[in-house]
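Fold and contact review
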Amino acid sequence: MAKLIDGHAIAEKVYVDLRHEIADLKSKGVTPGLAVILVGDNPASRTYVRSKDKMCRELGLHSMKFELPATTTQVELLARVQELNHDPAIHGILVQSPPPKQIDEAAIVRALDPRKDVDGFHPENIAKLALGDPTGLVPCTPLGVQRLLIESKIEIDGAHVVVLGRSMIVGKPLALLLMQKNKNANATVTVAHSRSRDLEKITRSADILIAAIGRANFVRAQHVCDGAVVIDVGINRVKDAVSERGYRLVGDVAFDEVATKASAITPVPGGVGPMTIAMLMSNTVKACRQFGRGGSPEPTANANPARID
Ligand code: NDP
């Protein structure tokens, strides 16, 4: 039976380290600040935003939460982003996805000061990830997956990692991260997607299989070789008459049958999920450490203002 990789326990470890870093920054007169903007009233998004705000407060970070009406225009949202870009008390800005349909999400991401883009989706941060530039902010879920593997002492270096899914939020940045030339990466990465032929053959060749496709219980025992490590990023709602909410959350992996073949596996919930928020906090602290005094009117004109080391 596979060893269970406990995302809550590993996230707690991350928070212990972060508390030290935050205390150190505060002793230098700077409190890392995160601003989260929610547009509209999507209940799942509202829950995510509240838990991010709560975690900031628990860690002693400066937290600003903006809940804007569903009718907010692109111009109004851009104005709020610009304001936060220039707010020296704010080191990280996150616009909760998905926004209402009148909002051009890509344009909002491009408007963020890349130094404050703690989601890591700005083209400058994606480029830095591809270049292996450590000053970039890396998307939180891929970073969380890497940290889970490292903390679980699973060797990435030299392993064949198969990533199922090629989204810009998970699959693609995760592949870039794990193929980097450093000891916490150095993987041979294969990215598979809905057009991949003979998926089972590809996934069975993985030492580490990472599923991020958004299909409930898609990965079955026949997709996995004996002894593989299986990381389940998926979060899917399935009907459950017994549950009060009428649904329960399951991953992309059929946990019970895959756990009999894998050497280690993440549960859903309680695996990658807690790590994503931990990495958001970590990115906020990193952004503060790198560019401590916050925004300047021309973000790229001065690459490194008031750096705090
Ligand atoms: P997207 O829908 O953006 O991307 C899904 C990817 O999976 C696409 O590349 C798609 O291929 C591929 N795919 C879909 N169906 C299949 C299939 N049958 N076989 C092979 N590949 C397939 O999803 P996200 O990346 O945003 O999210 C993926 C999952 O991860 C979701 O369940 C989401 O809720 C969860 N998630 C969890 C997070 C966490 O914190 N734990 C954070 C972010 C996401 P193609 O490109 O060809 O269409």
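Our subject is the structure that appears above.
For clarity, every value in this text was computed on a predicted model and none was experimentally measured.

This paragraph deals with the site of the ligand. With respect to spatial proximity, 20 residues lie near the ligand, and among them R166, S167, S194, I235 and T276 are the closest. Measuring from an oxygen atom of the ligand, one finds a backbone N or O atom of I235 at 3.0 Å. The element contributing the most residues to the shell around the ligand is helix α10 (residues 272-290), with three residues. Of the residues belonging to the shell around the ligand, the class tally is eight nonpolar, ten polar and two charged.

Below, the discussion takes up the nonpolar core. Core analysis: the biggest nonpolar cluster contains 54 residues, and Y15, I210 and M281 have the highest contact counts within it. At ten residues, α10 tops the list of elements feeding residues into this core. Ignoring any residue separated from it by four or fewer positions in sequence, one finds M281 in contact with Y15, L18, L34, K52, M55, C56, L59 and L61. Core analysis: the second largest hydrophobic core is formed by 17 residues, L199, V219, V253 and V258 among them.

We now examine the side chain of K52. Position of K52 relative to the elements: it lies in helix α2 (residues 43-59). Setting aside anything within four residues of it in sequence, one finds K52 in contact with L94, Q96, I277, L280 and M281.

Moving on, we get to the pattern of salt bridges. Scanning the model with the defined rule gives 16 salt bridges in all. K65 is the salt-bridge partner of E67, the closest N and O atoms lying 3.3 Å from each other. Overlapping salt bridges bring together K13, D17, R147 and E151 as one network.

Its place among the elements puts Q146 in helix α6 (residues 140-151). With relative accessibility at 10%, the residue Q146 sits in the buried group. Contacts of Q146, omitting those with residues within four sequence positions, involve I156, L177, L178, N184 and A185.

This part is about the packing of α2 against α10. In contact at an axis separation of 11 Å, α2 and α10 are set at 55 degrees when each is read in the N-to-C sense. Considering the angle they form, α2 stands oblique to α10. Of the two possible hands of crossing, α2 and α10 adopt the one that is right-handed. Residues S51, K52, M55, C56 and L59 of α2 form the contact with α10, whose own contacting residues are I277, L280 and M281.

Here we come to the packing of aromatic side chains. What the rule picks out here adds up to zero aromatic pairs. The aromatic ring of Y247 is capped on one face by R237, whose charged end is 4.0 Å from the ring centroid.

Positive charge collects at one region of the surface, where R166, K172, R195 and R197 lie side by side. On the basis of relative accessibility, which here comes to 42%, the residue K172 falls in the partly exposed class.

What follows deals with α6. Compared with the 16 Å implied by 1.5 Å per residue over twelve residues, the 16 Å span of α6 between its first and last C-alpha is a close match. All of the buried residues in α6 are C140, T141, P142, L143, G144, V145, Q146, L148 and L149. In this structure, the buried residues of α6 make contact with α1 (7-27), α7 (171-178), β7 (208-211), β8 (229-232) and α10. After α6 finishes, the residue K153 shows a positive phi value of roughly 60 degrees.

Our focus in this paragraph is the sheet that holds strand β3 (residues 62-68). Spatial strand order, β3-β2-β4: three strands in an open sheet with parallel pairing. The sheet terminates laterally at β3 and β4 (92-95), the two strands that pair on one side only. Neighbour-to-neighbour, the strand axes of the sheet open up by a mean angle of 10 degrees, direction not taken into account. Two strands pair when backbone bridges link them, and strand β2 (residues 33-39) and β4 are joined in this way by four bridges, in the parallel orientation. Following the sheet pairing, I37 is matched in β4 by V95. Relative to the sheet, α2 contacts β2, β3 and β4, its axis offset from that of β3 by approximately 160 degrees.

Parameters and conventions
- Residues numbered from 1 in each chain as written.
- Predicted model: local features only at pLDDT ≥ 70, side-chain atom pairs only at ≥ 80, totals over all residues.
- Heavy atoms only, no water.
- Near = heavy atom within 4 Å.
- Polar contact = N/O pair within 3.5 Å; in protein donor to acceptor, adjacent residues only side chain to side chain.
- Helix = DSSP H or I, 4+ residues; strand = E, 2+ residues; numbered from the N terminus.
- Nonpolar A, V, L, I, M, F, W, Y, C, P; charged D, E, K, R; others polar.
- Core = buried A, V, L, I, M, F, W, Y, C linked by side-chain atoms within 4.5 Å.
- Buried < 20%, exposed > 50% of the residue type's maximum accessible area, 1.4 Å probe, protein only.
- Contact = heavy atoms within 4.5 Å.
- Salt bridge = Lys/Arg side-chain N within 4 Å of Asp/Glu carboxyl O.
- Axes fitted to C-alpha atoms, helices over the stretch in contact; angles between N-to-C directions.
- Parallel < 35°, antiparallel > 145°, perpendicular 65-115°, else oblique.
- Left-handed = near helix turned anticlockwise from the far one by under 90°.
- Phe/Tyr/Trp six-rings, centres within 6.5 Å; stacked < 30°, edge-to-face > 60°.
- Lys NZ or Arg CZ within 6 Å of the ring centre and 35° of its normal.
- Patch = residues over 30% accessible without salt bridge, like charges linked within 9 Å, V, L, I, M, F, W, Y side chains within 5 Å.
- Areas by Shrake-Rupley, 256 points an atom, 1.4 Å probe, with all protein chains shown as cover.
- Lys, Arg positive; Asp, Glu negative; His and termini not counted.
- Charge placed at Lys NZ, Arg CZ, Asp CG, Glu CD.
- Expected span 1.5 Å × (residues − 1).
- Pairing = 2+ DSSP bridges.

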